[in-house]
2 protein chains.
Amino acid sequence: MRIHVQNPADEAIFPITPRQWSDAIARAPDMAGLQASFASDDTGYAQAMREAEVLVTWTRIVHERFPKGALPGVAPKLRMIFCTSAGLDRLAPFDWLPDDVLLLNNRGTHAAKAGEYGIMALLMLANNIPFFADRQREGQWQPRFASVLAGRTVCVVGLGSLGGAVAQRAKQFGMRVIGVRSSARPHEACERVVAQDALDSVLPEAEFLVLACPLTPQTQGLLDRRRMELLPRGAKLVNIGRGALWDQEAVCDLLDAGHLNGAVTDVAVPEPLPPEHRAWRTPGLFVTPHMSSDDPGTYNDRSLDILFENIRALRSGQPCPNRVEPGRGY
Amino acid sequence: MRIHVQNPADEAIFPITPRQWSDAIARAPDMAGLQASFASDDTGYAQAMREAEVLVTWTRIVHERFPKGALPGVAPKLRMIFCTSAGLDRLAPFDWLPDDVLLLNNRGTHAAKAGEYGIMALLMLANNIPFFADRQREGQWQPRFASVLAGRTVCVVGLGSLGGAVAQRAKQFGMRVIGVRSSARPHEACERVVAQDALDSVLPEAEFLVLACPLTPQTQGLLDRRRMELLPRGAKLVNIGRGALWDQEAVCDLLDAGHLNGAVTDVAVPEPLPPEHRAWRTPGLFVTPHMSSDDPGTYNDRSLDILFENIRALRSGQPCPNRVEPGRGY
């Protein structure tokens, strides 16, 4: 089976290297027969795709090429595209994807790192770190005392690998975790799980709320102003999903008004946030630049292991665990 | 037995209330015979101290009154002073303390809260949060990617209730923990413990270092410039002990020079830090205003439980677990 890895030309930190590939093969001897090629330029791409059955690449490369109709003809033998991101929202709608090509995302790679970022963000909010960052700008020593997380309630929206990892960490710190996902199916870290259409019913209990779901037509703008106003006064928000999951202007307004106590976000609209954007200067809002879930020390190793799990499933006629369902959007 | 609680006149958050006292008695029925009085003014103090056997109060109240010679005569029946702080360094030297009066600190109250602050600080440093706080001031979206804590080395200096709690949390996140304390006695969360005089030998391994020991003549200036230079390039520091445990100017210099990658400190010299102090503006230094270990939700309940443990020990002729040894300083 021929696999082609197309790295972006400008990628300095996360390109998948032949060395990482051979290390991954060493961990998965049943994959030793795979033939791999690597490129980061157009010539290498065009040449490899004539024979490739699996393309391993970045979402933005797929976004640049395929939705514009470049797929048919270019890659006659292609059976599988493995994107190294978890969220493929920028590739929607998926009408460009031929029925006989599987699209896989990289869910699972980000869990450990996202869990750490998530519990860090909850601890930062509990400890008023965004407030102290604002005071540091002014040189003001102004104590505020804070309680531990144990016994407090967090609502985690999305229980995939990101949200599930955050829920696990929150439980480990003694928090009461309420999960929200497409169905009310239970989750081991959650005291209770409700379906997304019951979200309103749990918001009044949510001192902390974490957005960790994929961006789809069903979740776009999910945490709107009305729902934020259902949260208790002093609520604290974390967003490690996508900036369009919430009403970013409403977050700023409700922090300004004091209804929200603080927020830590790793995502924004647009990205990068321009220097003049109010989000940089909204009191109580701490912004990080979309780095919460990508661990350069383990990212590619974990990604290749996940790719191999899916090739293994394909070979044995099982469903691929990372398959994106076009109708669902993740 | 007569107990007098002297609250500071200006204390809004942490005064010990009669209600908290009666709740604590309900948890400890063997203490029902204690007679408690409460005051926050001079008249109430002077009156109560004529009969009090135990004084429960703030370190700063003891500091204001006793080292200046006000103890003899004022409190003829006094046997025990319970200070509601863990660090009593400002009361040293302890030559003002009569031999027949026990001085107790409040070690143990702070463990859960300090453990959470400590792991938060380690996660903030691993995730470059001080760097992002600096970028937020400038409105600059500038990603830096970071690895998880698992497998990385932290050196925790001080394994009392603060440092022990941080070491436990670090171990829970898979870190390799090296402990440093007055003796090399093992600690369950530490792969290895060395005595303070061997500190230099472990510094080259310490990507992360946490200061969590009491301030005594033996620990003053412990982390000096020479020792910071023994740390690996890119090392990250946390201080939840006292500002005088490290050379604060050297921390700023070595952050400026890039030898240190970041620091989170909850303590400073002086406190409060004046607005013009360079620490507020040193790149990579995140300052919080001495709030790391005081949980207003549980502080007084836990403090009274600890007081009762010590009264119980006194009654049964056992050593009081919170006794401060004047010669040792904690």
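These figures come from a predicted structure and were not determined experimentally.

A. How the structure looks around the relation of the copies chain A and chain B. Mapping chain A onto chain B is achieved by rotating through 180° and translating by 0.0 Å along the same axis, at an RMSD of 0.1 Å. Both copies of the chain, as the preceding transformation shows, are related through a two-fold rotation axis. It is Met120(A) whose C-alpha, among those of chain A, lies nearest the rotation axis, at 2.8 Å. A symmetric contact is evident, with 100% of the interface residues of chain A recurring at the interface of chain B.

B. Layout of helix α3 (residues 59-70) of chain A. All names here are of chain A. Within α3, burial applies to Thr59, Ile61, Val62 and Phe66. Looking straight down α3, one finds its buried side chains confined to an arc of 135°; they lie on one side. Packed against the buried residues of α3 are β1 (2-6), α2 (42-49), β3 (54-57) and β4 (80-83).

C. Up close: unusual backbone geometry. Residue and element names in this part refer to chain B. A cis amide bond links Ala92 to the next residue, Pro93, at an omega of -10°. Residue placement: Pro93 occurs in the loop between β4 (80-83) and β5 (102-104). In this model, Val269 is joined to Pro270 through a cis peptide bond whose omega is -5°. Assignment of secondary structure puts Pro270 in the loop between β11 (260-265) and β12 (285-287).

D. Geometry of the nonpolar core. Formed by 72 residues in total, the largest nonpolar core has its most connected members in Leu122(A), Leu149(A), Val154(A), Leu122(B), Leu149(B) and Val154(B). When residues no more than four places from it in sequence are discounted, the contact partners of Leu122(B) are Leu149(B), Val154(B), Val166(B), Ala170(B), Met175(B), Phe208(B), Val210(B) and Val238(B).

E. Inspection of the packing of helix α1 (residues 18-27) of chain B against helix α10 (residues 299-315) of chain B at higher detail. All names here are of chain B. Running from N to C, α1 and α10 point in directions that differ by 50°, and their axes come no closer than 10 Å. Taken together, α1 and α10 sit at an angle that is classed as oblique. The handedness of the crossing between α1 and α10 comes out as right-handed. Here Gln20, Trp21, Ala24, Ile25 and Arg27 of α1 come into contact with α10, specifically with Asn300, Asp301, Leu304, Asp305, Leu307 and Phe308. Of the residues belonging to the contact of α1 with α10, the class tally is six nonpolar, two polar and three charged.

F. Layout of the UniProt feature "domain: D-isomer specific 2-hydroxyacid dehydrogenase NAD-binding" (unreviewed entry) in chain A. Here, the residues flagged by UniProt with the feature "domain: D-isomer specific 2-hydroxyacid dehydrogenase NAD-binding" (unreviewed entry) are residues 119-292 of chain A. Across residues 119-292 of chain A, helical content stands at 28% and strand content at 19%; the span's end C-alpha atoms are separated by 11 Å.

G. Spotlight on the packing of aromatic side chains. With the rule as written, the count across this model stands at 15 aromatic pairs over all chains. Ring centres of Phe145(A) and Phe14(B) lie 4.9 Å apart, and the angle between their planes is 80°; this geometry places the pair in the edge-to-face category. Taken together, the residues Phe145(A) in the loop between α5 (129-138) and β6 (153-157) and Phe14(B) in the loop between β1 (2-6) and α1 connect one chain to another. When its relative accessible area of 24% is taken as the criterion, Phe145(A) is described as partly exposed. Accessibility expressed as a relative area gives 9% for Phe14(B), which makes it buried. Joined through ring pairs, the aromatic side chains of Phe14(A), Tyr299(A) and Phe145(B) make up one cluster. Directly above the aromatic system of Phe131(B) lies the positively charged group of Arg135(B), at a separation of 4.6 Å from the ring centroid.

H. Region of the structure containing the domain arrangement of chain A. Residues and elements named next belong to chain A. The domain architecture assigned to chain A consists of domain 1 (2-109 + 295-315) and domain 2 (111-287). A C-alpha centroid distance of 32 Å is found between domain 1 and domain 2. At the interface, six residues of domain 1 touch five residues of domain 2. Of the roughly 470 Å² buried at the junction of domain 1 and domain 2 (both faces included), carbon and sulfur atoms supply 48%. If you sort the residues of domain 1 by the area they bury against domain 2, Asp89, Gly108 and Asp295 come out on top, with a joint share of 69%. Between the two partners, domain 1 and domain 2, sit one salt bridge. Between Asp89 and Arg242 there is a salt bridge, with the nearest N and O atoms lying 2.9 Å from each other. In this structure, the connection of domain 1 to domain 2 is made through three residue pairs in polar contact (both at pLDDT 80 or more). Across the side of domain 1 that touches domain 2, the residue classes break down as no nonpolar, three polar and three charged.

I. Summary view of the environment of Glu325(A). Looking at where Glu325(A) falls in the secondary structure, it is placed in the segment after α10 (299-315). For the pair Glu325(A) and Leu102(A), spaced 223 residues apart in sequence, the C-alpha to C-alpha distance is 9.1 Å.

J. Spotlight on the sheet that holds strand β9 (residues 208-211) of chain B. Residue and element names in this part refer to chain B. The seven strands lie next to each other as β8-β7-β6-β9-β10-β11-β12, forming an open sheet whose pairing is parallel. On the outer flanks of this sheet lie β8 (192-195) and β12, each paired with one strand and no other. Across this sheet, the average inter-strand angle for adjacent strands is 15°, counted without regard to direction. In this sheet, strand β10 (residues 235-239) lies alongside β9 in parallel orientation, the contact comprising four bridges. Note that in β10 the partner of Leu211 across the bridge is Asn239.

K. Local environment of the interface of chain A and chain B. On the side of chain B, 51 residues touch chain A, which itself brings 51 residues to the contact. The largest per-residue losses of area from chain A upon contact with chain B belong to Gln136(A), Trp141(A) and Phe145(A), which jointly make up 21% of the total buried on that side. Summed over the shared surface of chain A and chain B, the number is zero salt bridges. At the junction of chain A with chain B, the criterion picks out 15 residue pairs in polar contact (both at pLDDT 80 or more). Ranked by residues supplied to the side of chain A that touches chain B, first place goes to helix α4 (residues 111-126) of chain A with eight residues.

L. The arrangement of the side chain of Asn106(B) in detail. Residue and element names in this part refer to chain B. Along the chain, Asn106 falls in the loop between β5 and α4 (111-126). A polar atom in the side chain of Asn106 sits 3.2 Å from the backbone oxygen of Thr84. At a separation of 2.9 Å, a polar atom in the side chain of Asn106 contacts the side chain of Ser303. Setting aside anything within four residues of it in sequence, one finds Asn106 in contact with Phe82, Cys83, Thr84, Ser85, Ala86, Tyr299, Ser303, Ile306 and Asn322.

The rules we used
All residue numbers here refer to positions counted from 1 along the written sequence of the relevant chain. Ligands are numbered from 1 and chains lettered from A, in the order in which they are written. Only residues with pLDDT of at least 70 are given local features in this predicted model, and only at 80 or more are side-chain atom pairs given and counted; all residues enter the totals for whole chains, interfaces and linings. Side-chain numbers here rest on the full set of heavy atoms in the structure, without hydrogens or water. What sets the superposition is a least-squares fit of C-alpha atoms, and only residues with pLDDT of at least 70 in both copies go into it. By the convention used here, residues are in contact when the closest approach between their heavy atoms is within 4.5 Å. Partly exposed describes any residue whose relative accessible area lies between the buried limit of under 20% and the exposed limit of over 50%, with all areas from a 1.4 Å probe on protein chains only and scaled to the type maximum. Numbering of helices and strands starts at the N terminus; helices are DSSP runs of H or I of at least 4 residues and strands are runs of E of at least 2. In this description, the arc belongs to the directions extending from the helix axis to the C-beta atoms. Residues belong to one nonpolar core when they are buried, are Ala, Val, Leu, Ile, Met, Phe, Trp, Tyr or Cys, and are joined through side-chain atoms within 4.5 Å. For helices, the fitted axis covers only the stretch in contact; all axes are lines through C-alpha atoms, and the angles between them, taken along N-to-C directions, range from 0 to 180 degrees. Roughly parallel here means an angle under 35 degrees, roughly antiparallel means over 145, roughly perpendicular means 65 to 115, and every remaining angle is called oblique. In this scheme, a crossing is called left-handed if the near helix is turned counterclockwise away from the far one by less than a right angle; it is called right-handed if the turn is clockwise. Each residue is assigned to one class: nonpolar for Ala, Val, Leu, Ile, Met, Phe, Trp, Tyr, Cys and Pro, charged for Asp, Glu, Lys and Arg, and polar for all the others, Gly among them. UniProt positions are given in the numbering used here, feature names are shortened, and annotations may be inferred rather than shown by experiment. Classification of ring pairs rests on two measures: the distance between centres of Phe, Tyr or Trp rings, Trp counted by its six-membered ring, which must be within 6.5 Å, and the angle between planes, read as stacked under 30 degrees, edge-to-face over 60 and tilted in between. Only when the NZ of Lys or the CZ of Arg is both within 6 Å of the ring centre and within 35 degrees of the ring normal is a charge said to sit over the ring. Boundaries of every domain are those given by an automatic assignment or by a domain database. Two parts placed together each lose some accessible area; with a 1.4 Å probe, that loss summed over both constitutes the buried area. A side-chain nitrogen of Lys or Arg and a carboxyl oxygen of Asp or Glu constitute a salt bridge if their distance falls within 4 Å. The definition of a polar contact used here is a pair of N or O atoms within 3.5 Å, where within protein one atom must be able to donate a hydrogen and the other to accept one, and adjacent residues in sequence count solely through side-chain atom pairs. Pairing between strands requires that DSSP locate at least two bridges from one strand to the other.

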